[in-house]
Amino acid sequence: MEQLTVADQQKRTDLRKMKLVATSFLIGATIIFFGTHAFEGAWVGYVRAAAEAGMVGALADWFAVTALFRRPLGLPIPHTAIIPERKNMFGQTLGDFVGVNFLSPEIVQDKLRRAGIAERAGAWIKQPENAERITNELANVIKGAITVLKDEEVQAVLEHAIVKRVTAQPWGPPLGKLLQQVLTDGAHHKLVDLMCDRAYEWVRDNYDKVSLIVSDRAPTWSPKFVDAMLGDKVYTELVNFAWAVKTDVNHPMRLAVDQFLIEFSGDMQTDEITMQRAEQVKHQVIGHPDVQKLISSAWGTAKKMLIDAAEDPSSELRKRVTQGLITLGTNLTDDLELRAKVDGWLEQAAGYVVGNYRAEITTLITDTVERWDAEETSRKIELQVGRDLQFIRINGTVVGALAGLVIYTAANALF
């Protein structure tokens, strides 16, 4: 059974009342017409003519209004029940009308141009509460999208993309170019300083290890006190050497390291053997269990970070998004050039969509109308406009009566 809203129920009640009013005019004209036969007099002809014409007008307009929605008295009269019978044609006509008069690229672009969407959107977005509202909606979208995605499928795509991208590109030339740039800028000096500092500290703090190494390398026949003296000498020389390298930025050892790095950066870009070794190192790194574990857990880590950031109103991500929206809104309202660009993009996009997909858009109207039940459609339309149509019946009765009176009066005057 059809479910009606409160508003529709009120409209149905009003329609019934207006039908009774219009019918009462017809009944009144009929009573007057037949009632005048009981009277005699010159005035009776005028009243009877008015009542007769009013009755005819009421019947004609009742037939016209009823024929829109159903067959009067259920009779198969041609050109009746117009809405149920020609519903699809009306849908096609409506679709064509909308397509020609509303979905023209020129009309749509002109409407967008006069609407000033970019400025209005900017004024709305730059309000902090509105920017926060958009951020909340974006957070919900992110959470929903992440929830829908299957972890294993996303992980497989990421692994394939990461591994494929990394293995497809050779490491030697880009790393060599990067190293060359670092050497040119002198950024490696701090690393060399750190290595020299650590080397000096290790030699300084490991006298026993240095002495042990000398003793282990000494001949078995060498006396112990000679080994000890030699160990002291070697340790002292190592400490002095490490200190010199540490304190002298132009020490030959440092210069040798710089020269080695410069040559190595060039070999990584041009020397085939060095580049092949870099490729071997690349595959070893990618194949390492820890690296594989990191890749396999990449999506899980990223997913947790995104969900946590989306759920936390005070997260840095949400703060940055909100601030970015406020900045965007401010720029749209204050920057005339940016606003003109955005409006131009919107106009071009709307013109393209309308120009290329107008038929598909109007098809939505025609297809929707075709799916409607004919009888149900007729009832719904009558419910919306039927009350106003009843005034046609009332006017038909009144105008018909007046016309009949005028015609009867004119006929008596002339003949």
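All of these numbers come straight from a predicted model, not from anything done at the bench. (Residues numbered from 1 in each chain as written. Predicted model: local features only at pLDDT ≥ 70, side-chain atom pairs only at ≥ 80, totals over all residues. Heavy atoms only, no water.)

Draft legend 1. Representation of the UniProt feature "transmembrane region" (unreviewed entry) in the protein. The feature "transmembrane region" (unreviewed entry), as given by UniProt, occupies residues 20–39 in the numbering adopted here. This span, residues 20–39, is 80% helix and 0% strand, and a straight line between its end C-alpha atoms measures 29 Å. (UniProt positions renumbered as here; feature names shortened; annotations may be inferred. Helix = DSSP H or I, 4+ residues; strand = E, 2+ residues; numbered from the N terminus.)

Draft legend 2. Structural detail: unusual backbone geometry. Even without being a glycine, H79 presents a positive backbone phi close to 60°. By secondary structure assignment, the location of H79 is in the loop between α2 (42–69) and α3 (82–85). Look at H79 and you get exposed, because its relative accessible area is 65%. Phi is positive for A81, which is not a glycine, with a value near 50°. (Buried < 20%, exposed > 50% of the residue type's maximum accessible area, 1.4 Å probe, protein only.)

Draft legend 3. Layout of the pattern of salt bridges. Considering all chains together, one arrives at 16 salt bridges under this definition. Residue E382 pairs with K19 through a salt bridge whose shortest N-O separation is 3.2 Å. Placement of E382 in helix α19 (residues 374–414) and of K19 in helix α1 (residues 6–35) is noted, with a sequence separation of 363 residues between them. With a closest N to O distance of 2.9 Å, K304 and D308 form a salt bridge. Taken together, the positions of K304 and D308, both in helix α16 (residues 298–311) and four residues apart, correspond to about one turn of that helix. Beyond isolated ion pairs, a larger network of salt bridges with shared partners links D110, R113, R114 and E347. (Salt bridge = Lys/Arg side-chain N within 4 Å of Asp/Glu carboxyl O.)

Draft legend 4. Helix α4 (residues 87–101), seen in detail. Look at α4: 21 Å from first C-alpha to last across 15 residues, which is about the 21 Å you get at 1.5 Å a residue. All buried positions along α4 are accounted for by K87, G91, G95, V98 and G99. Axial view of α4: buried residues confined to an arc of 110°, hence all on one face. In this fold, the buried residues of α4 make contact with α3, α18 (336–371) and α19. (Expected span 1.5 Å × (residues − 1). Arc of directions from axis to C-beta. Contact = heavy atoms within 4.5 Å.)

Draft legend 5. Spatial organisation of the packing of aromatic side chains. Using the criterion set out here, one finds six aromatic pairs in the structure. Centre to centre, the rings of Y46 and Y408 are 5.1 Å apart; their planes meet at 85°, and the pair counts as edge-to-face. Taken together, the residues span a long stretch of sequence, with Y46 in helix α2 and Y408 in helix α19 at a distance of 362 residues. (Phe/Tyr/Trp six-rings, centres within 6.5 Å; stacked < 30°, edge-to-face > 60°.)

Draft legend 6. Looking closely at the domain arrangement of the protein. Each assigned domain of the protein is listed here: domain 1 (6–80 + 373–414) and domain 2 (118–334). For domain 1 versus domain 2, the separation of C-alpha centres amounts to 91 Å. (Domains from an automatic or database assignment.)

Draft legend 7. Broad picture of helix α13 (residues 252–270). End to end, α13 covers 27 Å across 19 residues, agreeing with the expected 27 Å (1.5 Å per residue, within 8%). Those residues of α13 not exposed but buried are R254, D258, L261, S265 and M268. The buried residues of α13 occupy one face: seen down the axis, they fall within an arc of 95°. Opposite the packed face of α13, turned more than 90 degrees from it, sit the exposed residues P252, F260 and T270.

Draft legend 8. Representation of the packing of helix α5 (residues 105–115) against α18 in the model. Where α5 meets α18, the closest approach of the two axes is 9 Å, and the angle between their N-to-C directions is 155°. Taken together, the axis directions place α5 and α18 in an arrangement best described as roughly antiparallel. As α5 packs across α18, the resulting crossing turns out to be right-handed. Between α5 and α18, the contacting residues are P105, V108, Q109, L112 and R113 on the first element and L346, E347, Q348, A350, G351, V354, G355 and R358 on the second. The residue inventory of the contact of α5 with α18, partitioned by class, reads six nonpolar, four polar and three charged. (Axes fitted to C-alpha atoms, helices over the stretch in contact; angles between N-to-C directions. Parallel < 35°, antiparallel > 145°, perpendicular 65-115°, else oblique. Left-handed = near helix turned anticlockwise from the far one by under 90°. Nonpolar A, V, L, I, M, F, W, Y, C, P; charged D, E, K, R; others polar.)

Draft legend 9. Representation of the side chain of D343. Structurally, D343 can be placed in helix α18. R339 is the oppositely charged side chain nearest to the buried, salt-bridge-free D343, at an N-O distance of 5.2 Å. At a separation of 3.1 Å, a polar atom in the side chain of D343 contacts the main-chain amide nitrogen of A118. Residues in contact with D343, not counting those within four places in the same chain, are G116, I117 and A118. (Lys, Arg positive; Asp, Glu negative; His and termini not counted. Polar contact = N/O pair within 3.5 Å; in protein donor to acceptor, adjacent residues only side chain to side chain.)

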